[in-house]
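What follows is the residue order along each chain.
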Amino acid sequence: MNVNWNISGHNNILNYLENCVKKNSLHHAYLFFGPEHVGKATTAHFFSKMILCSAKSAENLPCGNCVNCIQFEKKLHPDFHEIYKGIDEKTKALKKNISIDQILKLQSSISRYSLYNNHTVIIIHDAEDLSDNAKNALLKTLEEPNDKTTIILIFKTLKRKTYLKFHTEFPEKQ
Ligand SMILES: [Zn+2]
């Protein structure tokens, strides 16, 4: 592993992700699974930045200066999307599910080719809480592999149904 990820542990995982970028063989979807506060989101963010940076160092480190890195840090990168469970406007409580509307909105905002002719990266937090309709809508995206899109699904718990469904239907990049 060449890159300092600022994450302790998980060396096998970090090595694997680093190699995907180095070999330019990114999969269409990654499934991050583990308890809270072990670095899943941090890893997903750094991995996304590595993918998006257009001036990576020899060690695949994001440069921090290119338009991609700057936009990413400002949370304005047009090809980077994150989905969270939303807040209920009325109760101000965290919603139970990620709704189909959120997935449809995401799908309509992803152009077939990314705006910077780069890669599109999507992180879905709390993926175990995708509603059934949202899951089905998302699977349509996953069934149409696009070399230029990578989806990272972050799970805290794997409900058996979700696990089987995603594992049997995730297409691998050819
Ligand atoms: Zn950069």
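Heads up: the structure comes first, above all this text.
Residues numbered from 1 in each chain as written. Predicted model: local features only at pLDDT ≥ 70, side-chain atom pairs only at ≥ 80, totals over all residues.

Engineer: Just checking my understanding: could you explain the overall build of the protein for this structure?
Structural biologist: Counting its regular elements, the protein contains 6 helices and 4 strands. The order of α-helices and β-strands along the protein, N terminus first, is α-β-α-α-β-α-β-α-β-α. The buried share of the protein, reckoned over its 174 residues, is 28%. (Helix = DSSP H or I, 4+ residues; strand = E, 2+ residues; numbered from the N terminus. Buried ≥ 20, exposed ≤ 12 C-beta atoms within 10 Å, placed from the backbone.)

Engineer: I tried to follow the pairing of strand β3 (residues 120-124) on my own but got confused; where do I start?
Structural biologist: The side chains of a regular strand alternate, residue by residue, between the two faces of the sheet. Burial within β3 is extensive, with 5 of its 5 residues counted as buried. As defined by bridge partners, strand β2 (residues 80-83) adjoins β3 across 4 bridges and the pair is classed as parallel. Considered in β3, the bridge of Phe 80 is made with Val 121. (Pairing = 2+ DSSP bridges.)

Engineer: For this particular structure, what's the right way to read the sheet that holds strand β1 (residues 29-33)?
Structural biologist: Strands pair in a sheet through their backbones, by hydrogen bonds, and they do so in one of two ways: parallel or antiparallel. With parallel pairing, 4 strands are arranged side by side in an open sheet as β1-β4-β3-β2. Two strands lie at the open edges of the sheet, namely β1 and β2, each paired on one side alone. The mean angle between the axes of side-by-side strands here comes to 15°, regardless of whether they run parallel or antiparallel. Judged from the 5 bridges that link them, β3 and strand β4 (residues 149-155) form a sheet pairing that is parallel. (Axes fitted to C-alpha atoms, helices over the stretch in contact; angles between N-to-C directions.)

Engineer: Just to check I follow, could you spell out helix α1 (residues 11-22) for this structure?
Structural biologist: An α-helix turns once per 3.6 residues; consequently, residues spaced three or four apart project the same way. With 12 residues, α1 extends 16 Å from end C-alpha to end C-alpha; this agrees with the ideal 16 Å at 1.5 Å per step. Count one or two residues on from α1 and you reach Asn 24, which has phi positive near 55°. (Expected span 1.5 Å × (residues − 1).)

Engineer: Before we go on, may I ask you to explain the packing of α1 against helix α2 (residues 40-52) in this structure?
Structural biologist: Helices that pack against each other are described as a pair by the angle of their axes relative to one another and the distance between those axes. Where α1 contacts α2, the two axes come as close as 10 Å, and the packing angle between them is 20°. Between α1 and α2, the angle is such that the two are roughly parallel. For the pair α1 and α2, the crossing hand works out as right-handed. When α1 is examined against α2, the residues Ile 13, Leu 14, Leu 17 and Val 21 are found in contact with a partner set consisting of Thr 43, Phe 47, Met 50 and Ile 51. In terms of residue class, the contact of α1 with α2 is made up of 7 nonpolar, 1 polar and no charged. (Parallel < 35°, antiparallel > 145°, perpendicular 65-115°, else oblique. Left-handed = near helix turned anticlockwise from the far one by under 90°. Contact = placed C-beta atoms within 7 Å. Nonpolar A, V, L, I, M, F, W, Y, C, P; charged D, E, K, R; others polar.)

Engineer: Would you explain the nonpolar core in this entry?
Structural biologist: Inside soluble globular proteins, nonpolar side chains tend to come together where they are buried. Core analysis: the largest hydrophobic core is formed by 30 residues, its most contacted members being Phe 32, Ile 122, Ile 124, Ile 152, Leu 153 and Ile 154. Of all elements in the fold, only β1, α2, β2, α4 (100-109), β3, α5 (132-143) and β4 reach the threshold of two or more residues within this core. (Core = buried A, V, L, I, M, F, W, Y, C linked by C-beta atoms within 7 Å.)

Engineer: What is the right way to read α2 from this model?
Structural biologist: With 13 residues, α2 extends 18 Å between its outermost C-alpha atoms, agreeing within 8% with the 18 Å of an ideal straight helix rising 1.5 Å per residue. The buried fraction of α2 amounts to 10 of the 13 residues, a majority that puts the element mostly inside the structure. Those residues of α2 not exposed but buried are Lys 40, Thr 43, Ala 44, Phe 46, Phe 47, Ser 48, Lys 49, Met 50, Ile 51 and Leu 52.

Engineer: Explain the pairing of β4 to me, please; I cannot follow it from the model alone.
Structural biologist: Most of β4 is tucked away: 7 of the 7 residues are buried. Examined bridge by bridge, β1 and β4 share 5 bridges and lie parallel to one another. Within β4, the position partnered with Phe 33 by the bridge is Phe 155.

Engineer: In this structure, what is going on with the packing of α4 against α5? I would like to understand it.
Structural biologist: Direction vectors running N to C along α4 and α5 enclose 20°, while the axes themselves pass 8 Å from each other. By the angle between their axes, α4 is roughly parallel relative to α5. Contact residues: α4 offers Ile 100, Gln 102, Ile 103, Leu 104 and Gln 107, while α5 offers Asn 133, Ala 134, Ala 137, Leu 138 and Thr 141. Classifying every residue of the contact of α4 with α5 gives 6 nonpolar, 4 polar and no charged.

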